[in-house]
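Topology and contacts: notes
In case you want the letters, here they are:
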Amino acid sequence: MKIKQIDSVEMFIVRLPLVSPFETSFSVQTHREALLLKIVSDDVCGWGECVTSPDPYYCYETNATASHIIQDFLIAILTAMNNFTIEEVLQNFEQIRGHHMAKAAVENALLDIMAQKYKIPLFELMGGTPQKIMSGISIGIQESIDDLLESIQKAHDKRYHRIKIKIKKGKDIEILKKVRRAFPSINLMADANSDYTLEDIPILKKFDEFNLMMIEQPLNYDDIYFHALLQKQIQTPICLDESIKNLNDAKTATELGSCKIINIKQGRVGGMTASKKIQAYCMENNIKAWSGGMLETGIGRAFNLHLQTLPGFVLPGDTSETSRYFAEDIVDKPVILQPDGSIEIPKGAGIGVHVLPERIDRLKVFYEKLV
Ligand code: OSB
Ligand code: MG
């Protein structure tokens, strides 16, 4: 089906307090400032969430760069088109280099519209299989080991399918030792967010004794080659996050042996369609994939849930329940874990969550009508 024309485009930034600060090796986040797009086309309203933050500490894109690219380039391209498919939009977006998160946000909204036009859930439009989605939680660096053990205990009681802890240099071996002593058999992994270098190989080798599912992004955020050298020297499977920005990066990493696992964040790789291609490549090339998170609101998380119905997503992702992030979200229904720790895909056409205008209105710190 084609989209006839774009009727309106609105951009919001909402600021939601996190239930607790989220500390990584690169920053401490106390709020999620989410850039949202509301696009109306052929009388259907679609939503997209841009996974950028206000700061460029995870990657170079920020809410400011994304709103610039969306407003001055992507929406300009979009509104110049008539009677078009989403594939044609993505082709036209290729002229703009990088800025994947900005592109993904626009594609999000168009996919939500398209699925609603067909009156089917987004996963069906994507070619996924309806199923329960596995859950996972990402626990930030804590003040004390007791705080960390308590957070892990809570997540374990909720039956999260795997637990990821954030680590950094100096907050690693001793912590992992204590976590493993307290929880000898949980599915555990560690995310370093690029805090190590090859000089740290003696430390990174010690991770092998903790039976981790993987270590995520140990080395530089844009490195692929040195991760291959590291993987040869450690047993713990390496998972790449920051370094994989597109299918070509996934191929390079696979051919070099830089990782055994890839964290696919739909925003980081340029959207749902790009993610689908990467998961297919991973499946064919014996790389395990999972869906990462960026502390999304219920809008972005709905996209991540639909994405995980594709067969390449064989490991639990960073998809947690709403209450782990926010006291109140901007959508209904909130994500909750089932008694077995799984998550149901939102029902209904499109992304299947209902965006609450009153909440957006109350939490917004920026608004502009672009079209
Ligand atoms: O490295 O995976 C990461 C959040 C923000 C930026 C980077 C990362 C993360 C997370 C949280 O780990 C994942 C989530 O629960 O959304
Ligand atoms: Mg990560």
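Because the structure is a prediction, the values reported are computed rather than measured. (Residues numbered from 1 in each chain as written. Chains lettered and ligands numbered in written order. Predicted model: local features only at pLDDT ≥ 70, side-chain atom pairs only at ≥ 80, totals over all residues. Heavy atoms only, no water.)

Along the chain, the regular secondary structure elements total 12 helices and 13 strands. Against the globule reference of 21 Å for 371 residues, the chain gives a C-alpha radius of gyration of 20 Å, in line with a compact fold. Counting only residues that meet the buried cut, the chain has 58% of its 371 residues in that class. A separation threshold of at least 6 residues defines the contact pool for the chain, and within that pool the share at least 24 residues apart is 72%. Surface exposure of the chain reaches about 15400 Å², of which carbon and sulfur atoms provide 51%. Averaged over its 42 positive side-chain charges, the chain has a centre that lies 3 Å from the centre of its 48 negative ones. (Helix = DSSP H or I, 4+ residues; strand = E, 2+ residues; numbered from the N terminus. Rg over C-alpha atoms; globule rule 2.2 N^0.38 Å. Buried < 20%, exposed > 50% of the residue type's maximum accessible area, 1.4 Å probe, protein only. Contact = heavy atoms within 4.5 Å. Areas by Shrake-Rupley, 256 points an atom, 1.4 Å probe, with all protein chains shown as cover. Lys, Arg positive; Asp, Glu negative; His and termini not counted. Charge placed at Lys NZ, Arg CZ, Asp CG, Glu CD.)

Moving on, we get to the environment of F12. The topology assignment puts F12 in strand β1 (residues 6–23). Residues contacting F12, with those up to four places away along its chain left out, are A34, L35, L36, K38, W47, I360, K364, F366 and Y367.

Next up on the list: the domain arrangement of the chain. The domains assigned to the chain are domain 1 (8–119 + 354–369) and domain 2 (125–343). Facing 37 residues of domain 1, the contacting portion of domain 2 comprises 42 residues. Roughly 3400 Å² is buried in total at the junction of domain 1 and domain 2, and carbon and sulfur atoms are behind 64% of that figure. Contact with domain 2 buries area across many residues of domain 1, yet F22, S25 and Y58 alone supply 20% of it, more than any other trio. Counting every contact that joins domain 1 to domain 2 gives 3 salt bridges. Between K168 and E23 there is a salt bridge, with its nearest N and O atoms 3.7 Å apart. (Domains from an automatic or database assignment. Buried area = accessible area lost by both parts, 1.4 Å probe. Salt bridge = Lys/Arg side-chain N within 4 Å of Asp/Glu carboxyl O.)

What follows covers the pairing of strand β2 (residues 28–41). Summarising the sheet, β1 and β2 pair through 13 bridges and their orientation is antiparallel. Opposite I6, over in β2, you have S41 as the bridge partner. The hairpin formed by β1 and β2 contains 4 residues between the paired strands. Of the pairings in the sheet, the one linking β2 to strand β3 (residues 44–50) comprises 7 bridges and is antiparallel in character. (Pairing = 2+ DSSP bridges.)

Here the magnesium ion (ligand 2) is held by the protein donor atoms D191 (OD), E216 (OE) and D241 (OD), which lie 2.2 to 2.3 Å from it. One chain supplies every donor to the magnesium ion (ligand 2), and in sequence these donors are spaced D-x24-E-x24-D. In this pair, D191 is assigned in strand β6 (residues 188–191) and D241 in the loop between β8 (238–240) and α9 (247–256), connecting sequence segments 50 residues apart. For D191, a relative accessible area of 0% puts it in the buried group. Judged by its relative accessible area of 0%, D241 is buried. (Donors = N, O, S within 2.8 Å, 3.2 Å for Na, K, Ca; no water.)

Residues in contact with ligand 1 amount to 17 residues; listed here are only the nearest, S138, K166, N193, L295 and Y325. Side-chain polar atom of K164 to an oxygen atom of ligand 1: 3.1 Å apart, as the coordinates give it. Y325 is positioned with one of its side-chain polar atoms (N or O) 2.7 Å from an oxygen atom of ligand 1. Protein coverage of the free-state accessible area of ligand 1, which is 390 Å², stands at 99%. (Near = heavy atom within 4 Å. Polar contact = N/O pair within 3.5 Å; in protein donor to acceptor, adjacent residues only side chain to side chain.)

Looking at the element boundaries, R301 is found in helix α11 (residues 298–307). Setting aside residues up to four positions removed in sequence, R301 forms contacts with E296, T319, S320, E321, T322, Y325, F326, D329 and V335.

With an omega dihedral of -10 degrees, the bond running from D332 to K333 counts as a cis peptide bond. Here K333 shows up in the loop between β11 (331–332) and β12 (354–355). Backbone geometry at N83 places phi at a positive 50 degrees, although glycine is not the residue there. Along the chain, N83 turns up in the loop between α1 (63–79) and α2 (86–93). For Q217, which is not a glycine, the phi torsion comes out positive at approximately 40 degrees. Looking at the secondary structure, you find Q217 in the loop between β7 (215–216) and α8 (225–233).

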